[in-house]
Structures are given as C-alpha cells and as structure tokens.
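# Chain and residue survey
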Amino acid sequence: PETITVQELANRMSERAVDVTRLLMKQGVMKKITDLVDADTAQLIAEELGHTVRRVAESDVEEGLFDAPESEDALKPRPPVVTIMGHVDHGKTSLLDAIRHTNVVRGEAGGITQHIGAYQVTSPLGGKITFIDTPGHAAFTAMRARGAKSTDIVVLVVAADDGVKPQTAEAVNHARAAGVPIIVAINKIDKPEANIQRVRTDLLQYELQVESLGGETLEVEVSAKEGTNLDKLLEVIQLQAEILELKANPDRPAEGSVIEAKLDRGRGPVATVLVQRGTLRQGDIVVAGSEWGRVRVLVNDQGETVPEAGPSTPVEILGFNGAPEAGDRLAVVENEARAREIAEYRTRQKREQAAARATVRVSGLEEMMS
Ligand code: GTP
Ligand code: MG
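- The protein chain appears in an unreviewed UniProt entry as Translation initiation factor IF-2 from Chelatococcus sambhunathii.

Written as structure tokens, this is what we have:
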C-alpha cells in the first residue's frame, strides 16, 4: 500500500512536521512524525494546507523504461557476455588477466594493467567476447535481483589441485538459477598435484557432466599461470555463444547494467556500464538507480574516448550527478526533466523504505522494553 511518513509528507510540502501532526490530530488521527499515513490521508492534509496533489504511481514513472517489445528483424548478432565464477583462489582473476594479457599482446597497442570491471577480447575464431570481472558473486546476484540478465555464459573455474569446493557448488547454483550455460575451466593444470579427473567426477554430484565423461558440458583444461589453452577456452566460449544465437537491437535508446561505480577525485562519478540493448551515445541522458546525468564522455576498455557503445559493450560513463550502485539498471530517457523525475522518485522511495525500516526497528525496540 502507498504510505508516507509524516516527516516526509511535511518535507515535500516544505511545511513543518508539527503543523502536519496538528492537522492530523484535528482529523482525529494521532501520529508521530516517524509514523506512516496512507495516501488518501496524505492527500487530504496536503489539500488542507493549500497544496496541489499529483499522485504518481510507480507504473507511471517507470513506464516504458525497460524491455520495450522489439521486432525480430531489428535484432542483430551481438557478442556473448561471460562471467567467471568459482571458489576463492581458484584463479578467476589470474585467468581474466591472462586472457586479457594474451589478447593485448596478440595485437592491440599498449599493455593495460589497471583493474577494470569489464573488457572485450577477440577470440581466435574472430568473434568478440565480453568478460565481466565481478567481485565475487555479490554483483552477479545483485544484477539478477534487479531483473537484468547480465550474463550469457558462466565460466566455472575449478583449481585442479583443490577440486570442487563450496563456492564452486554455489556458482553452479547461481548459473542454474539464472538459466545460464556453464563452461568448466579446470585451472592450475601445471601443478604437479593437479588431479583433473577428480574435478570431473566431483562435478557429477552437482549434475554437471562434462563432455569427457559423456555429458554435454563443455570443458577446457587451462593454466592461467603458464597461459595454457587460453585460445582454446576462447574458442569454446565462442562456439557455445553461437549455439545461443545472441541478438540485440542496436538501433534504439540504450539499456544496460551498472557493473561498478565510484566517485573519482578528478573525474567525478564514474560508472562502468554494460550496454545490453541499443546504442549509448555521448550526449544521451541516462538514469541508473536514483542517479542521472548527461553522458559527457564515454571511455572504452582500452581507455579510449569513444562516441558510442553498442550491445554487449562495456563502457565507462562520465557525466552522472552521483555514483549509481553496482547492479542498477541503466536507461536512456528523452530529456532531463524525465530523468530528474525518475531519479527523484527513486530517491524518495529509498528514503521512505529506510524510514519505514527504522520505524519498525524503533517500535520493535519499544515492544521489547515494555
Ligand atoms: P579470489 O578473487 O580471492 O576468489 O581468487 P581468484 O579465484 O581470483 O584467484 P587468483 O587469480 O587470485 O589466484 C589465486 C592464486 O592462485 C594466486 O596465487 C595465483 O598466482 C595462483 N594461480 C592462479 N592460476 C594459476 C595456475 O594456473 N597455476 C598455478 N600454479 N597457480 C595459479
Ligand atoms: Mg579474484
């Protein structure tokens, strides 16, 4: 049900909270300023104080922001988005670094060492692949919780010297819940104590049957340390992606997900975003969570300024008024007024939810003490 705290109601009218409680009392309603009143009561009070009331439902504000229907002929092939998951220390970051390094060494100019949340490489078969380096499973879960399917393929890293561990199983469950195919990367095969066969048989417990055991799950034996079979891994990813026939419409306003965001001292709020549909352009007005802005600069994974970014492309956005949160969905809107309306609406929502939680906590405490 739509509710608002007395304090928030007063704030929005720029009235004093005591005046609101007084009026409420006149109506025979006893409320503290942290108490909630329903929408009808709030409207009555507001009108009593001479304000015009415009009731905005979430459906109005958020209407048409995401997932507008798309005609089949507008869809064009797009690169797969791949997330690397696995148990602690099994070599996820090393593998990502090794893949990127090989790719950089293979042809692109300049070696980039700085940490980035996402990047794109070219497989030996010629297709592009986007990798997301999520800090643990948290971001993955957050994105999923917010309704954005951000990953097409999960690469499950299992260290051959350590075998299947709790977080390996967790990653399998995450991928399953999201309906994302898994490619198994058996890592650290350079180690003398590596036991590849044990990894394969252990995975059977989680109903993951790799090809070499007669199953359908693709697998690659790799060593991030020695750079073994990295090209093969990229090929397998591309083959898996081709089966999925991934497509998106590049010719529409962009939609995407925030991978990470921070407040940079020199550059202000910087958000790394994965564009999922449409094309994001310099000058676009964007909203993500309760933040909005005009795209001032777009920076690709090579650190270069680019005029636009299409589907499955990771890109940094400069121009947000504040840093959004990892997992927030991003949308391009038609003008600043709309962006502001959405951002303000969401800010209020957040504040009210926090207030409601605080009220529950306080009354819970009172009960405990009485
Ligand atoms: P978290 O992010 O902490 O979960 O770890 P991670 O999965 O990202 O593992 P990371 O890449 O940090 O590697 C953990 C350790 O394993 C490091 O000391 C790596 O040098 C080592 N390592 C990673 N890959 C290999 C490999 O292929 N062979 C060997 N011998 N060591 C590896
Ligand atoms: Mg790591």
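Past the structure itself, the notes keep going.
### Observations concerning the overall build of the protein chain
- Within the protein chain one finds 10 helices and 19 strands.
- Per-residue burial over the protein chain gives 48% buried out of 370 residues.
- Contacts spanning at least 24 positions in sequence make up 72% of the contacts within the protein chain whose residues lie at least 6 apart.
- Carbon together with sulfur atoms contributes 50% to the accessible area of the protein chain, which is approximately 18400 Å² in total.

### A word on the pattern of salt bridges
- Considering all chains together, one arrives at 21 salt bridges under this definition.
- Note that arginine 12 and glutamate 8 form a salt bridge whose closest N and O atoms lie 3.2 Å from each other. In this pair, arginine 12 and glutamate 8 are both assigned in helix H1 (residues 6-13), 4 residues apart and thus about one turn of the helix distant.
- On the accessibility criterion, arginine 12 (42% relative accessible area) is partly exposed.
- The residue glutamate 255 makes a salt bridge to arginine 277 at a minimum N-O spacing of 3.3 Å. One end of the pair, glutamate 255, is in strand E11 (residues 255-264); the other, arginine 277, is in strand E12 (residues 268-277), with 22 residues separating them in the sequence. Here the two residues glutamate 255 and arginine 277 agree in accessibility, since each one is buried.
- In the salt-bridge network here, residues are joined through shared partners; they are Glu70, Arg252, Glu255 and Arg277.

### Some thoughts on the site of ligand 1
- Taken together, 15 residues surround ligand 1, and among them Lys92, Thr93, Ser94, Asp190 and Ala224 come closest.
- One nitrogen or oxygen atom from the side chain of serine 223 is found 3.4 Å from an oxygen atom belonging to ligand 1.
- Across the complex, the protein chains shield 67% of the 650 Å² of accessible surface that ligand 1 would expose by itself.
- Among the elements that line the shell around ligand 1, the one with the most residues is helix H5 (residues 92-106), at 3 residues.
- By residue class, the composition of the shell around ligand 1 is 2 nonpolar, 7 polar and 6 charged.

### A word on the side chain of glutamate 219
- Along the chain, the position of glutamate 219 falls in strand E9 (residues 219-221).
- A distance of 2.9 Å separates a polar atom in the side chain of glutamate 219 from a polar atom in the side chain of arginine 200.
- A polar atom in the side chain of glutamate 219 sits 2.6 Å from the side chain of serine 212.

### Examining the confidence of the model for the protein chain
- On average, the protein chain scores 87 in pLDDT, and the residues at 70 or more come to 87%.
- Taken as a whole, residues 105-114 scores under 50 in pLDDT and shows 10 contacts with residues more than four places along the chain or in a different chain.
- For this predicted complex, the interface confidence score (ipTM) comes to 0.98, while the overall pTM stands at 0.79.

### What about the nonpolar core?
- Leu95, Ile99, Phe131, Val155, Ile183, Leu233 and Ile237 are the most contacted members of the largest nonpolar core, which has 26 residues in total.
- At the level of secondary structure, the elements contributing two or more residues to this core comprise strand E4 (81-86), H5, strand E5 (118-122), strand E6 (128-132), strand E7 (153-159), strand E8 (182-187) and helix H9 (230-244).
- Formed by 19 residues, the second largest nonpolar core is a distinct cluster that contains Met85, Leu156, Ala160 and Val199.

### A few points about unusual backbone geometry
- Located in the positive-phi region is lysine 188, a residue other than glycine, with phi close to 65 degrees.
- Relative to the helices and strands, lysine 188 is located in the loop between E8 and helix H8 (196-204).
- Its identity is not glycine, yet serine 312 carries a phi of approximately 70 degrees, on the positive side.
- Structurally, serine 312 is set in the loop between strand E17 (308-309) and strand E18 (314-320).

### As for the sheet that holds E7
- As summarised here, the arrangement of the 6 strands in space is E5-E6-E4-E7-E8-E9, forming an open sheet in which the pairing is mixed. Edge positions in the sheet fall to E5 and E9, since each of these pairs with one other strand and no more. Strand-to-strand, the axes of this sheet are offset by a mean angle of 25 degrees, without reference to chain direction.
- Relative to E9, E8 runs parallel, the two sharing 3 bridges.

### Remarks on the environment of proline 314
- Among the secondary structure elements, proline 314 is positioned in strand E18.
- The sequence separation of proline 314 and asparagine 300 amounts to 14 residues, and the corresponding C-alpha distance is 6.8 Å.
- Dropping the residues within four chain positions of it, proline 314 is found in contact with Ala118, Tyr119, Gln120, Thr130, Val273, Leu274, Asn300 and Asp301.

Conventions and cut-offs
- Residues numbered from 1 in each chain as written.
- Chains lettered and ligands numbered in written order.
- Predicted model: local features only at pLDDT ≥ 70, side-chain atom pairs only at ≥ 80, totals over all residues.
- Heavy atoms only, no water.
- Helix = DSSP H or I, 4+ residues; strand = E, 2+ residues; numbered from the N terminus.
- Buried < 20%, exposed > 50% of the residue type's maximum accessible area, 1.4 Å probe, protein only.
- Contact = heavy atoms within 4.5 Å.
- Areas by Shrake-Rupley, 256 points an atom, 1.4 Å probe, with all protein chains shown as cover.
- Salt bridge = Lys/Arg side-chain N within 4 Å of Asp/Glu carboxyl O.
- Near = heavy atom within 4 Å.
- Polar contact = N/O pair within 3.5 Å; in protein donor to acceptor, adjacent residues only side chain to side chain.
- Nonpolar A, V, L, I, M, F, W, Y, C, P; charged D, E, K, R; others polar.
- pLDDT = per-residue confidence, 0-100.
- Core = buried A, V, L, I, M, F, W, Y, C linked by side-chain atoms within 4.5 Å.
- Pairing = 2+ DSSP bridges.
- Axes fitted to C-alpha atoms, helices over the stretch in contact; angles between N-to-C directions.

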